[in-house]
Amino acid sequence: MAAMPAGTIYRGGEGMWTWVLHRITGVGVFFFLLVHVLDTALVRVSPAEYDAVIATYKTPIINLMEVGLVGAVLFHALNGLRIILVDFWAKGPRYQRQMTWAIGAVWVVLMVPGTFFMLKHTVEAMFGSAS
Amino acid sequence: MSTASQPGPVSIPAPRSRTRQRSNYELYSWLFMRVSGIVLVFLVLGHLFIMNILDGGVQRINFAFVAGRWSSPFWQVWDLMMLWLAMLHGTNGMRTIINDYAERDQTRFWLKMILFVAAGFIILLGTLVIFTFDPNIG
Ligand code: HEM
């Protein structure tokens with residue numbers, strides 16, 4: 001027991017990388033949100049203007065970026081819940097490493113079908129639909 | 001008359017410099033990040049699921065789709081809460097990051113000013129759009 005002094009070296013460990021990712025995804029999502037409120041505000045201008053901007057959201061490249069956005073938000077949300085558990089759950093600090101692997105697993109399990117459904121139309125449009 | 005020999009009340013002078021009135025702002029901000037985070041899990045992940053994944057995802061979104069949703073107070077309240085909580089949470093997070101990296105007082109001050117003005121504008125604009133939406137426009 002206790003061969004490894006767990007948690008004494010922060011730099012370079014999972015704790016540092018989840019912190020870096022949490023910060024980057026938080027900033028990225030924040031800037032997207034600013035733009036997203038602006039584009040949605042076009043519903044106050046005219047249906048045509050709004051539909052024109054939304055049409056760009058349906059193009060292949062932007063569609064791919066939406067997968068990135070969803071992945072970023074999902075990581076930030078899951079890791080945020082992990083931070084909250086570490087702070088408030090008595091056993092949180094002890095299990096924080098296991099929780100890091102758990103959110104990684106949940107992220108993959110949700111992103112695989114999520115990516116499939118998000119890209120379905122784009123892939124069908126580009127490579128021909130089976131139906 | 002034995003009282004004279006007894007030690008008088010000891011008075012301890014107040015410390016010369018008291019730390020100035022402490023504010024609990026950072027504590028409330030820390031708590032707000034966690035409480036808003038929990039609510040945002042439902043609002044934001046639900047929003048992303050409905051808009052990007054469910055039933056054809058982004059391909060089915062247009063003006064008529066928005067009009068249909070905002071005809072219901074449920075989605076109006078959902079979007080309004082999501083707008084305010086996400087903007088306040090995100091702005092508060094950005095404030096922390098500016099405090100971490102901007103070392104000069106002037107730089108910190110102006111970056112935060114830009115942040116707060118931009119955030120205030122977006123929150124007001126979004127709120128106005130939700131409350132004044134007109135399905136028969138144009
Ligand atoms: C979906 C649910 C979300 C959860 C559970 C969540 C949770 C958290 C938590 C717990 C923190 C840490 C605060 C601290 O360390 O004191 C945080 C930071 C942050 N969040 Fe979120 N958040 C969510 C959504 C969002 C959204 C939508 C945005 C963007 C608008 C955002 C932007 C940020 C930023 C910029 C930070 C600061 C990062 C840092 O200081 O390194 N978050 N979040």
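Structural data are supplied above this passage.
What you see is a predicted model, and the numbers here were worked out from it, not measured in a lab.

Caption draft 1: Focus on the overall build of chain B. Scanning chain B from terminus to terminus reveals four helices and zero strands. The linear arrangement of helices and strands in chain B, starting from the amino end, is α-α-α-α. Nonlocal contacts in chain B, meaning residues at least 24 apart in sequence, comprise 69% of its contacts between residues at least 6 apart. Accessible surface for chain B amounts to roughly 9400 Å². Of this, 67% is attributable to carbon and sulfur atoms. Mean positive and mean negative side-chain charge positions of chain B (11 and 7 charges, respectively) differ by 14 Å.

Caption draft 2: Seen up close, the environment of G68 of chain B. Looking at the secondary structure, you find G68 of chain B in helix α2 (residues 63–70). Spatially, the C-alpha atoms of G68 of chain B and P135 of chain B are 8.5 Å apart, while their sequence positions differ by 67 residues.

Caption draft 3: Representation of the site of the ligand in the model. As a structural note, the neighbourhood of the ligand is formed by 20 residues, with H22, R23 and H76 of chain A together with R34 and H89 of chain B the closest of them. The residues that come close to the ligand belong to more than one chain, namely chains A and B. Take H22 of chain A: an N or O atom from its side chain is 3.2 Å from a nitrogen atom of the ligand. The set of elements that each furnish at least two residues to the shell around the ligand consists of α1 (14–40) and α3 (60–88) of chain A together with α1 (25–53) and α3 (73–101) of chain B. Tallied by class, residues from the shell around the ligand come to nine nonpolar, nine polar and two charged.

Caption draft 4: The coordination of the iron atom of the ligand, seen in detail. In the first shell of the iron atom of the ligand, the protein supplies H76 of chain A (NE2) and H89 of chain B (NE2), at 2.0 Å from the metal. Around the iron atom of the ligand sit six donor atoms; with metal-centred angles ranging over 87 to 179°, the donor geometry is octahedral. With one member in each of two chains, H76 of chain A in helix α3 and H89 of chain B in helix α3 form a pair that bridges those chains.

Caption draft 5: Quick look at the interface of chain B and chain A. Counting residues at the interface gives 40 residues for chain B and 38 residues for chain A. Between chain B and chain A the total buried area reaches about 3300 Å² when both faces are included, carbon and sulfur atoms providing 76% of it. Taken together, the connections running from chain B to chain A amount to two salt bridges. Across the pair D100 of chain B and R23 of chain A runs a salt bridge whose closest N-O atoms are separated by 2.7 Å. The tally of links from chain B across to chain A stands at seven residue pairs in polar contact (both at pLDDT 80 or more).

Caption draft 6: Just the pattern of salt bridges, in detail. Across all of its chains, the model carries eight salt bridges over all chains by this definition. The salt bridge partner of D87 of chain A is R34 of chain B, with a shortest N-O separation of 2.7 Å. One end of the pair, D87 of chain A, is in helix α3; the other, R34 of chain B, is in helix α1, on a second chain. Judged by relative accessible area, which is 14%, R34 of chain B ranks as buried.

The rules behind each value
- Residues numbered from 1 in each chain as written.
- Chains lettered and ligands numbered in written order.
- Predicted model: local features only at pLDDT ≥ 70, side-chain atom pairs only at ≥ 80, totals over all residues.
- Heavy atoms only, no water.
- Helix = DSSP H or I, 4+ residues; strand = E, 2+ residues; numbered from the N terminus.
- Contact = heavy atoms within 4.5 Å.
- Areas by Shrake-Rupley, 256 points an atom, 1.4 Å probe, with all protein chains shown as cover.
- Lys, Arg positive; Asp, Glu negative; His and termini not counted.
- Charge placed at Lys NZ, Arg CZ, Asp CG, Glu CD.
- Near = heavy atom within 4 Å.
- Polar contact = N/O pair within 3.5 Å; in protein donor to acceptor, adjacent residues only side chain to side chain.
- Nonpolar A, V, L, I, M, F, W, Y, C, P; charged D, E, K, R; others polar.
- Donors = N, O, S within 2.8 Å, 3.2 Å for Na, K, Ca; no water.
- Tetrahedral: all angles 85-135°; square planar, octahedral: opposite > 155°, others 65-115°.
- Buried area = accessible area lost by both parts, 1.4 Å probe.
- Salt bridge = Lys/Arg side-chain N within 4 Å of Asp/Glu carboxyl O.
- Buried < 20%, exposed > 50% of the residue type's maximum accessible area, 1.4 Å probe, protein only.

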